[in-house]
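Structural overview
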Amino acid sequence: MTSQPTRQRILSGMQPTNDSLSIGNYIGAMTQWVALQENYDAFYMVVDLHALTVNPDPEKLKTRTRSTLAQYLAGGVDPSRSTLFLQSHVPAHAELAWILSCNTGFGELGRMTQFKDKSAKQGIEGASAGLFTYPVLMAADILLYDSALVPVGEDQRQHLELTRNLAERMNSRFGEDTFVVPEPHIVKAVAKVYDLQQPTAKMSKSEVGKGTIWLMDPPKVAAKKIKSAVTDAGTEIRFDREEKPGVSNLLTMYSVFTGQTIEQLEQEYAGKQYGHLKVDLAEIVADFLTQFQGEVHRYLDDPAELDRILATGAAKAQAVAQETLARVYDRVGLLAPGHGVA
Ligand code: AMP
Ligand code: TRP
């Protein structure tokens, strides 16, 4: 038998917390997912269990889960290359999260900036325990698949660091090959897309204003948001995060959607005004969204196909996850069923 070279495993996920993903999700994460699926054994999931941390309406969660999957597919995640599944279809995620949570410090979780931000918004007393332990479930997602790389945006760096710490801690306690210690895959140029109205803050999924472009925004609405984006003092079109955060953000988007480098764009727009850049980018993004949304609807109109993709993905994911879980159960001292008297 010829042995196939084994491809390294990668894994990532997004929360189905809105009807639409944002253009930040697309640029910061999804473009990387699509690029990496060529050369890696990629596992991409919709993290529906994570979405429960903010107590969503049940019917909305179901619709949004399907819609998130359709957006992955429309964005170029290819089910014949990647394993696509729902987190809740693989029980091992919740099971491993329990084991990991018994090895995670209370203080460690309290230092997570995303928890601090989210719980501050709703008041710490109202925050769920699930919101607090959310990074442990994320660590379980990653470690279950022996993931070598995790493609995410900049805002997930701290959660990845916690995952690495947990893996190393458990490896030193239970044996070095208990877990693969994952590396973040965060591509600096695109890892943080900024709010169009406040270009020093992250474009956020909880934002309701004109600062966020949604992948499911009517193309005209998205174009308008770009045309009314806050730009900077001066007139020169040049990439400079410090002095020109607004223009730099627009140039980043432009570069992602056209494949042109920032230098090429700076040359192309030398001597032109901000308005020119915005009008052109508005059209580029509107065209992309028109095509993208056509694909999303094509998938949503074929629920049987979505179910088939999810069933295939769940079976593959379960097989890998179950093997890791059995290994970890054994390492931490849980008896395997039927072998207790051996
Ligand atoms: P979430 O929407 O929080 O589930 O995030 C899904 C993925 O998109 C994660 O990998 C995030 O790091 C990434 N992401 C979210 N917002 C942005 C943004 N504004 N810029 C770049 N990446 C982002
Ligand atoms: N916490 C991530 C976010 O909000 C989503 C996520 C959950 C994830 N599990 C993951 C990302 C595993 C990468 C790998 O964006």
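Placed above this text is the structure.
As a starting point, this report considers the structure included with it.

The rules behind the values
Residues numbered from 1 in each chain as written. Chains lettered and ligands numbered in written order. Predicted model: local features only at pLDDT ≥ 70, side-chain atom pairs only at ≥ 80, totals over all residues. Heavy atoms only, no water. Buried < 20%, exposed > 50% of the residue type's maximum accessible area, 1.4 Å probe, protein only. Helix = DSSP H or I, 4+ residues; strand = E, 2+ residues; numbered from the N terminus. Pairing = 2+ DSSP bridges. Right-handed = clockwise from strand over helix to strand, strands pointing away. Polar contact = N/O pair within 3.5 Å; in protein donor to acceptor, adjacent residues only side chain to side chain. Contact = heavy atoms within 4.5 Å. Near = heavy atom within 4 Å. Areas by Shrake-Rupley, 256 points an atom, 1.4 Å probe, with all protein chains shown as cover. Nonpolar A, V, L, I, M, F, W, Y, C, P; charged D, E, K, R; others polar.

It is worth spelling out the pairing of strand 1 (residues 9–14) at this point. Of all 6 residues in strand 1, 5 are buried; the element is thus mostly enclosed. As paired elements, strand 1 and strand 2 (residues 41–46) share 6 bridges and run parallel to each other. Within strand 2, the position partnered with Ile10 by the bridge is Ala42. Regarding the hand of the β-α-β motif, the stretch spanning strand 1, helix 1 (residues 23–36) and strand 2 is right-handed.

Structurally, Asn18 can be placed in the loop between strand 1 and helix 1. A distance of 3.4 Å separates a polar side-chain atom of Asn18 from the backbone oxygen of Lys205. Excluding residues that lie within four positions of it along the chain, Asn18 makes contacts with Arg64, Lys205 and Trp214.

Turning to the side chain of Ser147, a few remarks are in order. By the element assignment, Ser147 lies in the loop between helix 7 (129–143) and strand 4 (149–151). Using a relative accessible area of 1% as the deciding quantity, one classes Ser147 as buried. Here Ile142 takes part through its backbone oxygen, which lies 2.8 Å from a polar atom of the side chain of Ser147. Every residue in contact with Ser147, bar those within four places of it in the chain, is listed here: Arg9, Leu11, Ile142, Val180 and Pro182.

The next thing to look at is the site of ligand 2. Lining the immediate surroundings of ligand 2 are 14 residues, of which Gln15, Tyr134, Met138, Asp141 and Gln156 lie closest. Contacts to ligand 2 include Tyr134, whose side-chain N or O atom sits 2.8 Å from an oxygen atom. Taking Gln156, its side chain carries an N or O atom lying 3.1 Å from a nitrogen atom of ligand 2. Taken by itself ligand 2 offers 370 Å² of open surface, and the protein chains cover 91% of this. Those elements giving two or more residues to the shell around ligand 2 turn out to be strand 1 and helix 7. Counting residues per element, the shell around ligand 2 draws most heavily on helix 7, at 4 residues. Its residues placed into classes, the shell around ligand 2 shows 8 nonpolar, 5 polar and 1 charged.

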